Structure formats: C-alpha cells, structure tokens
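Residue-level structure breakdown
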Amino acid sequence: VQLVESGGGLVQFGGSLRLSCAASGFTFSRYAMSWYRQAPGKGRELVATITSTGGVTNYADSVKGRFTIFRDNAKNTVYLQMNSLKPEDTAVYYCYVVLLGYWGQGTQVTVSS
C-alpha cells in the first residue's frame, strides 16, 4: 500500500489549498478514506472522512463549512479542499485508509496570519 500526499504549502490567512492523496496497492474504491492533521506539540486529529462511494462525508467541527473532502475512484485519489484557512489550521496533514490502517507520509500546511 502506498499513499502519497501533495498540495501542501504556505498560504496566507483566508487563503485556499487543495490536498491530494494518490493511493495504490489496494482496491481504493472499496474503502473509506480520512484526512487527519497533527499540529506541533499536539496529537493527531481527525479532520474529515468519506465513504467508499463518496456518498457520505463527515467533518470535525473546527473545519465544517470550510473544508470539503471528495474522491475520484477512477484516479484512486482522495482530496481535501481547504478554504478560509486560519493559522490554527497549520499542521501536517495525513491521509488514512479506514479499516486497513495505512497512513501517508504527510504534507505540511502552514497558514500565516
């Protein structure tokens, strides 16, 4: 199993980023996927989850209305669209295969005030 995140970077307060997680080595369309994040000195936090078909999504209260998780099963990729970014969104973002328990290597998102 391989999960490769991309799309992180430095953005100003109120800006947007789109993260991607390209998956391989398993049947992507059969598994729910999640995005987590870990800020410096804090534990890993669940940000959003999407079911295998993309029909149901869930979000942490802290990102509801600002972040959108979606997936393209034809491309074996899950995305996290992040809008209205705040400094408190600064973290390393990881994608995760629900039930299989695999993690990507993470991508850094830094939001400047």
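Computed from a prediction, not measured in an experiment: that's the story for all the values here.

Comments concerning the sheet that holds strand β8 (residues 77-82)
Reading across the sheet, the four strands line up as β1-β3-β8-β7 and stay open at both edges, with antiparallel pairing between neighbours. At either margin of the open sheet sits one strand with a lone partner, and together these are β1 (2-6) and β7 (67-72). Neighbour to neighbour, the strand axes of the sheet diverge by 15° on average, direction disregarded. Sheet topology note: the strand β3 (residues 17-24)/β8 ladder contains six bridges and is antiparallel. Across the sheet, residue Cys21 finds its bridge partner in β8, namely Val78.

As for the environment of Ala74
Tracing the backbone through its elements, the reader meets Ala74 in the loop between β7 and β8. Of the residues examined, Ala74 reaches a relative accessible area of 74% and is grouped as exposed. Put simply, Ala74 and Thr90 are 16 residues apart on the chain and 30 Å apart in space, counted from C-alpha to C-alpha.

With respect to unusual backbone geometry
The backbone of Ser84 sits at a positive phi, close to 50°, despite the residue not being glycine. Mapped onto the fold, Ser84 is located in the loop between β8 and β9 (91-97). What makes Ser84 partly exposed here is its relative accessible area of 40%. For Leu99, which is not glycine, the phi dihedral falls at a positive 80°.

Observations regarding the side chain of Arg37
You can see Arg37 is positioned in strand β4 (residues 33-38). A distance of 2.9 Å separates the side chain of Arg37 from the side chain of Asp89, its partner in a polar contact. Residues in contact with Arg37, not counting those within four places in the same chain, are Gly43, Arg44, Glu45, Val47, Ser62, Val63, Phe67, Glu88, Asp89, Ala91, Val92 and Tyr93.

As for the environment of Ser24
Here Ser24 is to be found in strand β3. As for Ser24 and Gln12, which are separated by 12 residues in sequence, their C-alpha atoms are 32 Å apart. In this view, Ser24 contacts Val1 and Gln2; residues no more than four positions away in its chain are not counted.

Scoring rules and cut-offs
- Residues numbered from 1 in each chain as written.
- Predicted model: local features only at pLDDT ≥ 70, side-chain atom pairs only at ≥ 80, totals over all residues.
- Heavy atoms only, no water.
- Pairing = 2+ DSSP bridges.
- Helix = DSSP H or I, 4+ residues; strand = E, 2+ residues; numbered from the N terminus.
- Axes fitted to C-alpha atoms, helices over the stretch in contact; angles between N-to-C directions.
- Buried < 20%, exposed > 50% of the residue type's maximum accessible area, 1.4 Å probe, protein only.
- Polar contact = N/O pair within 3.5 Å; in protein donor to acceptor, adjacent residues only side chain to side chain.
- Contact = heavy atoms within 4.5 Å.

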